Amino acid sequence: MAETHDNWQIVYAALDSSTLVSLLPALQAGRERAMQMLKIELRHHEQMEGADAYTAELWGAALTALDARISADDPSREELAELRDKVQQMLGEQVGRTKQAKDETRVHEYLWDHQQREIWIREELARRGLLPSF
């Protein structure tokens, strides 16, 4: 996940308390929007995984049916085995890319940045004595 830049902390530290408080609703709205976007992305990735699994199942069935039609001593049997291995590798890589896309999303970074800023503001307001500290 990308690191949050410290520039915003310098800017926020220079703001008066009322301005910091007024930022909280905007940050909360951004966080809620990011959560909705994450839910949409999750559904999309789950659909992609399902499609990948179904594609793998279809290819497997097709290659098995073709394999059953080829006699044991036919040289094309070896080519079929190579094709099957390539297809399985390609589908495995696709599943891997889908899983990686789930983990490495800009929405996560957006959400993380909003959460960090909200936390920072609350801690700063507590430090300034405007919010109770725990």
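Report on the accompanying structure. (Residues numbered from 1 in each chain as written. Predicted model: local features only at pLDDT ≥ 70, side-chain atom pairs only at ≥ 80, totals over all residues. Heavy atoms only, no water.)

Helix and strand counts for the chain stand at 4 helices and 0 strands. In the chain, the order of α-helices and β-strands from amino to carboxyl end is α-α-α-α. By the compact-globule yardstick of 14 Å for 134 residues, the chain is too spread out, its C-alpha radius of gyration being 26 Å. For the chain, the C-alpha atoms occupy an extent of roughly 85 × 25 × 25 Å along the three principal directions. For the chain, the proportion of its 134 residues judged to be buried stands at 19%. Surface exposure of the chain reaches about 9700 Å², of which carbon and sulfur atoms provide 56%. Put simply, the chain has 16 plus and 24 minus side-chain charges, and the middle of one group is 7 Å from the middle of the other. (Helix = DSSP H or I, 4+ residues; strand = E, 2+ residues; numbered from the N terminus. Rg over C-alpha atoms; globule rule 2.2 N^0.38 Å. Buried < 20%, exposed > 50% of the residue type's maximum accessible area, 1.4 Å probe, protein only. Areas by Shrake-Rupley, 256 points an atom, 1.4 Å probe, with all protein chains shown as cover. Lys, Arg positive; Asp, Glu negative; His and termini not counted. Charge placed at Lys NZ, Arg CZ, Asp CG, Glu CD.)

Running from amino to carboxyl end, helix H1 (residues 7–14) crosses helix H4 (residues 106–127) at an angle of 35°, the nearest separation of the two axes being 11 Å. Here H1 and H4 pass one another in a crossing that is right-handed. Note on element contacts: H4 touches H1 through Gln116, Arg117, Trp120 and Ile121, opposite Trp8, Gln9, Tyr12 and Ala13. (Axes fitted to C-alpha atoms, helices over the stretch in contact; angles between N-to-C directions. Left-handed = near helix turned anticlockwise from the far one by under 90°. Contact = heavy atoms within 4.5 Å.)

A complete count under the given rule lists 4 salt bridges for this structure. Across the salt bridge formed by Glu118 and Arg122, the nearest N and O atoms sit 3.7 Å from each other. One end of the pair, Glu118, and the other, Arg122, are both in helix H4, 4 residues apart, so they sit about a helical turn from each other. Residue class for Arg122 comes out partly exposed when judged on its relative accessible area of 36%. Between Glu124 and Arg127 there is a salt bridge; the shortest N-O distance is 2.6 Å. Residue Glu124 and its partner Arg127 are located together in helix H4, separated by 3 residues, close to a single helical turn. (Salt bridge = Lys/Arg side-chain N within 4 Å of Asp/Glu carboxyl O.)

On to helix H2 (residues 17–69), then. Residue pairs three or four apart in sequence face the same way in an α-helix, which turns once every 3.6 residues. Under the 1.5 Å per step criterion, the end-to-end length of H2 is 77 Å for 53 residues, consistent within 8% with the ideal 78 Å. What H2 keeps buried is the set Leu20, Leu24, Leu27, Gly30, Ala34, Leu38, His45, Asp52 and Leu63. (Expected span 1.5 Å × (residues − 1).)

Moving on, we get to the packing of aromatic side chains. Tallied over the entire structure, the rule returns 3 aromatic pairs. Taken together, a centroid distance of 5.1 Å and an interplanar angle of 70° make the contact between Trp8 and Tyr12 edge-to-face. In this pair, Trp8 and Tyr12 are both assigned in helix H1, 4 residues apart and thus about one turn of the helix distant. Classification of Trp8 by relative accessible area gives buried; the value is 7%. One aromatic cluster is present, formed by Trp8, Tyr12 and Trp120 through successive ring pairs. (Phe/Tyr/Trp six-rings, centres within 6.5 Å; stacked < 30°, edge-to-face > 60°.)

On to the packing of H2 against H4. Each pair of packed helices can be described by the angle between their axes along with the distance between the axes. As a packed pair, H2 and H4 sit with axes 9 Å apart at the nearest point and diverge in direction by 155°. Classed by the angle they form, the pair H2 and H4 counts as roughly antiparallel. For the pair H2 and H4, the crossing hand works out as left-handed. Class assignment for the residues of the contact of H2 with H4 results in 16 nonpolar, 6 polar and 7 charged. (Parallel < 35°, antiparallel > 145°, perpendicular 65-115°, else oblique. Nonpolar A, V, L, I, M, F, W, Y, C, P; charged D, E, K, R; others polar.)

Assignment of secondary structure puts His114 in helix H4. On the basis of relative accessible area, His114 is assigned to the buried category, the value being 13%.

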